[in-house]
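Per-entry structural report
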Amino acid sequence: MTPTIKVENLRVSIPLAAGVLHAVRGISFEVAKGETLCLVGESGCGKSLTSLALMDLLPSRAKREADRIELDGADLLKLGERDMAKVRGSTMAMIFQEPMTSLNPAYTIGNQLEEGIRLHKGVSASEARERAVYLLEKVGITGASSRLGQYPHQLSGGLRQRVMIAMALMCGPDLLICDEPTTALDVTIQAQILHLLKDLQREFDMAVILITHDLGIVARVADRVAVMYAGEIIESGDVDEIFSRPTHPYTQGLMNCIPVPGKTAYGERLGTIPGIVPSMIGEMTGCAFANRCAYAEDICLKTLTTRELVPNHAVRCVRAEEVAALNAGLDTATASAGSPA
Amino acid sequence: MLVYTAKRILLAILVSLTVSALVFSLLYLSGDPATALAGERASQADIMAIRAAYGFDQPVYVQYFKWLAGAVQGEFGESVYFRLPVIDLILERLPVTMTLGVCAMIFALALSIPLGVLAAMYPNSLIDRAALLLAVVGQAMPSFWFALMLIVLFAYWVPILPASGSDSWQHFVLPTIVLGYYATPAFMRLTRTGLLDVLSSDYVRTARAKGLRPAKVLFKHALRNAIIPVVSLAAVQFGFMLTGSIIIETVFALHGAGFLAWESISRSDFPTVQAVLLLFSWFYIILTFLADLLNAWLNPRIRVA
Amino acid sequence: MSVMNTTVPSAEQILGPTPGQILRRKVFGHRGIVIGGGIFLFIVLMALLAPWLAPYDPYHQDLVARLAPPVWHEKGTWDHILGTDQVGRDYLSRLIYGARISLLIGIMAALISGIIGTVMGVAAGYFGGKVDLVVTFLITCRLSLPVILVSLAVVAIVGGSLEMVILVLGLLLWDRYAVVMRASTQQIRSLDYVAAAQAAGCSTWYILAREILPNVMNQLIVVATLEFAHAVLLEAALSFLGLGVQPPLPSWGLMISEGRNYILFDPWLIAIPGSALFMMLLAVNLLGDGVRDVTVPENRA
């Protein structure tokens, strides 16, 4: 089966006064129908730019390059602005992080919901309205038809994000990109929105790319995970595999930052990753994580490759096997000692 | 919206009153208004006569309320120089100033908004740089000097336009350019920065993510929000233009209200000066009031409270 | 996790160039600042060194040599490089001394109005409530009064002089300071570090001086350049209308006014001081724009 979206060697660079910022440096992934891929990473790792690059919505001074971006088998790189606009919002839709500012304050909800489908599908005003009401009900908004006449400032953040989701689904997209869809919301609302997304994905059988920095969300919704660091995917694979056998030292570091009920002892210090992200301005050779890595050796600063250790689990680390082996040993050691080293 | 309008009316009235008091008190800056009115060569008897005629012998607040009561009814007393009711003088001159103001405003908006939009759509392009240059040069150009240079150019060297007077439409061409050009940089910059802001906003990104055409994104989603501050500025600038008309009308000898103000100032005709000053201020207050209402109406957050 | 033996990256590796280096690079890479700063520096030097630079006494009249054309004119001579005016005063010398008047008025008016406007704006933004209400009301009233007309009227009543023009402009041009300072103070007031300073028990004065002022400084500088230019322009306009600086002081606006009668045959009489005025305003505006450009942080994607 062809994947819904297939990306090869995507790069995004931004020229700044201090030099060229290589924000995304050659990432590849694919997502199939009905599947959820989570892009995880800390802020500034390039995950949001990746999503904008797929939609071709990057800020004008940012430059996008790639070997291939295919949606339903069609090459998006070859499309002009006009044809790209036809894809946007119809076969590929996006939900943004900030529901408070993502809706135009000057127009009603109904107006903003309906304009996309009227353009893409050429449906009548009443059909568009029907679809809007249907989807508003789907995303759990009561009194949907009366909401259509309201302005964004009259809705709460959670409601607005539901409206954004409904808006993204108006044309029945094959691919839904969600950029931190719950970060700006209260924790209780977060859970509701995530459930909603999961349900809708199943119902409409979409491919979903969910961007987040929250491993808790990943564990809950992802089928597959790609961990990003400094503009690269440093580890990717099935969600169970990644959570049970994190191999890249950075992923391990991330996992150590979350407390695990029943495993993390009371009063125990949670892990931290020492050091900070390197400047991404200018060219970089070798591993971007080397300056913070406990396993780093001279070779790490020279070469870098991505390898599959087991099927569906790729790690971008030259010493991946050794690290995995060391780690397995360490795990048994700590298990037998009964306390963390 | 109703509450907002009521509040705004109250504010406008308060401001009008305060401004009227300030305008009135201007005459007392010199210490004795009668001496100021009479001029330097007046005798003691003249001064006494003026004092009685204008009521300067009464308490100041009585004078103020009398003056204000007259002003509200359009009664500003008699011009010291022309010996005519001030209000008639102003009404006779006002059409010229208004024509100039409206022409200059249209000229400025027609030049600056398209330029500002283009500059915002193509930042750092040639057109953006040209617009920026125009704005920088325009801001640095003293309007009276620009007016004089245009007179040298178009009235003497290439004599195609009249240098002074207000008899035909040709007389308004150069003043319109000077006064309009004076307001252009502010409009252009505001349109540009406003639109740049809006174009990088989340909701424009949403609109683009919906696959709307660039023209639709620009005209429906971006311009509507970017133009709101321009509306306010237009009101403010129209007020400034009226003031600017003092200089422009003086240079081009256009017989408008601004020219009247300058004449009256140089002739120490203070009742006329006060009247023009007060009317210009009130006009500005009404304009900003209307602009605020229009703004509120354009902005659903205020309209649908 | 045990201690990871990482190599700690050096400061340069992480941060790239320091903020100071970036600022310096931006300033000297900004064409507006370099050009504007260059012209402005030139005018300031001209004003400071006027007694040594001016070839003649700017007040010395020589009716025999009146209305001599500038040197590039076919009848011009090197005796008077920019020619002479209608009473035979050397135009170059008057131009050089005129820079002093413009600079003096610009700086003093920007300073006086800056103090008034900043105090009002910061107070309104910081204290809010009734203070804010009063200040906003005062700003609205001030904006309703047309500057040119009021200053013309005041000067006409009280009499024109250099000091009077400075005072009138200083007392009239505070509105933009107040508006901008109010807005930026409000913005900073709501930030956490001000709340933190309050929680730590810092006095109001300390917070205003150490937390608020340094953070509104950039905007203050930008407004100051704008108001400097505004004051210079208004002085020229007032003097041009005959109600500003009084003759025989060599003000550029006054020079244009005096040259107006000779506009037809000796247009350089207005072209020269006008160009000087234009260059000065251009330089200050470029500087102001540049400061704004340079101090706006580059937003990270």
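What you see is a predicted model; the values in this text were computed from it and never measured.

1. As for the overall build of chain A
A tally of helices and strands in chain A yields 11 helices and 13 strands. For chain A, the C-alpha radius of gyration of 22 Å lies close to 20 Å, the compact-globule estimate for 341 residues. Seen through its principal axes, chain A has C-alpha atoms that stretch 65 × 45 × 45 Å. Looking at chain A as a whole, 52% of its 341 residues qualify as buried. At a minimum sequence separation of 6, the contacts of chain A that also span at least 24 residues come to 65%. Counting every atom, chain A has about 14,700 Å² of accessible surface; 52% of that belongs to carbon and sulfur.

2. Description of the domain arrangement of chain A
You'll often see interface size given as the accessible area lost when the parts meet. Residue and element names in this part refer to chain A. Each domain of chain A was delimited in the assignment, giving domain 1 (3–222) and domain 2 (228–336). A C-alpha centroid distance of 29 Å is found between domain 1 and domain 2. On the side of domain 2, 19 residues touch domain 1, which itself brings 25 residues to the contact. Taken together, the two surfaces of domain 1 and domain 2 that pack against each other cover about 1,700 Å², and 64% of this comes from carbon and sulfur. Broken down residue by residue, the surface that domain 1 buries against domain 2 is led by Arg 25, Glu 42 and Leu 215, which jointly contribute 38%. Viewed at the interface, domain 2 and domain 1 are joined by zero salt bridges. Inspection of the domain 1/domain 2 interface yields five residue pairs in polar contact (both at pLDDT 80 or more). Looking at the side of domain 1 that touches domain 2, the elements that each hand over two or more residues are strand S2 (19–31), strand S3 (36–40), helix H1 (47–55) and helix H8 (215–221).

3. Section: helix H4 (residues 60–72) of chain B
Residue and element names in this part refer to chain B. Between its first and last C-alpha atoms H4 spans 18 Å; for 13 residues at 1.5 Å apiece the expected length is 18 Å, and the two agree. Of the positions making up H4, those classed as buried are Gln 63, Tyr 64, Trp 67, Leu 68, Gly 70 and Ala 71. On an axial view of H4, the arc spanned by its buried residues comes to 160°, and they lie on one face. Exposed residues lying more than 90 degrees from the buried face of H4 are Tyr 61, Lys 66 and Val 72. Elements in contact with the buried residues of H4: helix H1 (2–26) and helix H12 (270–298). Count one or two residues on from H4 and you reach Gly 74, which has phi positive near 80°.

4. As for the pattern of salt bridges
Side chains bearing opposite charge may pair, as long as their charged atoms lie close to each other. All names here are of chain A. Enumeration according to the criterion identifies 28 salt bridges over all chains in this entry. For the salt bridge of Arg 202 with Asp 199, the shortest nitrogen-to-oxygen distance reads 3.8 Å. Highlighted residues: Arg 202 and Asp 199, both in helix H7 (residues 187–204), separated by three residues, approximately one helical turn. Here Arg 316 makes a salt bridge to Glu 232, at a shortest N to O gap of 3.3 Å. A residue pair is termed long-range when its members are at least 10 positions apart, and Arg 316 in strand S13 (residues 313–316) and Glu 232 in strand S11 (residues 232–238) qualify at 84 residues. Each member of the pair, Arg 316 as well as Glu 232, is classed as buried. Three or more residues are tied together by salt bridges with common partners; here these are Lys 6, Glu 8, Glu 30, Arg 68 and Glu 70.

5. Looking at the interface of chain B and chain C
With 43 residues of chain B at the contact, the number on the chain C side is 41 residues. Summing the contributions of chain B and of chain C, the shared interface buries around 3,700 Å²; its carbon and sulfur component is 83%. Contact with chain C buries area across many residues of chain B, yet Phe 144, Trp 145 and Ile 265 of chain B alone supply 16% of it, more than any other trio. Taken together, chain B and chain C are joined by one salt bridge. Arg 189 of chain B is paired through a salt bridge with Asp 289 of chain C; the nearest N and O atoms lie 2.8 Å apart. Across the chain B-chain C interface, the total number found is five residue pairs in polar contact (both at pLDDT 80 or more). Of all elements in the fold, only H1, helix H6 (126–140), helix H7 (143–157), helix H10 (214–252), helix H11 (257–266) and H12 of chain B reach the threshold of two or more residues within the side of chain B that touches chain C. A per-class count over the side of chain B that touches chain C returns 35 nonpolar, six polar and two charged.

Definitions and cut-offs
Residues numbered from 1 in each chain as written. Chains lettered and ligands numbered in written order. Predicted model: local features only at pLDDT ≥ 70, side-chain atom pairs only at ≥ 80, totals over all residues. Heavy atoms only, no water. Helix = DSSP H or I, 4+ residues; strand = E, 2+ residues; numbered from the N terminus. Rg over C-alpha atoms; globule rule 2.2 N^0.38 Å. Buried < 20%, exposed > 50% of the residue type's maximum accessible area, 1.4 Å probe, protein only. Contact = heavy atoms within 4.5 Å. Areas by Shrake-Rupley, 256 points an atom, 1.4 Å probe, with all protein chains shown as cover. Domains from an automatic or database assignment. Buried area = accessible area lost by both parts, 1.4 Å probe. Salt bridge = Lys/Arg side-chain N within 4 Å of Asp/Glu carboxyl O. Polar contact = N/O pair within 3.5 Å; in protein donor to acceptor, adjacent residues only side chain to side chain. Expected span 1.5 Å × (residues − 1). Arc of directions from axis to C-beta. Nonpolar A, V, L, I, M, F, W, Y, C, P; charged D, E, K, R; others polar.

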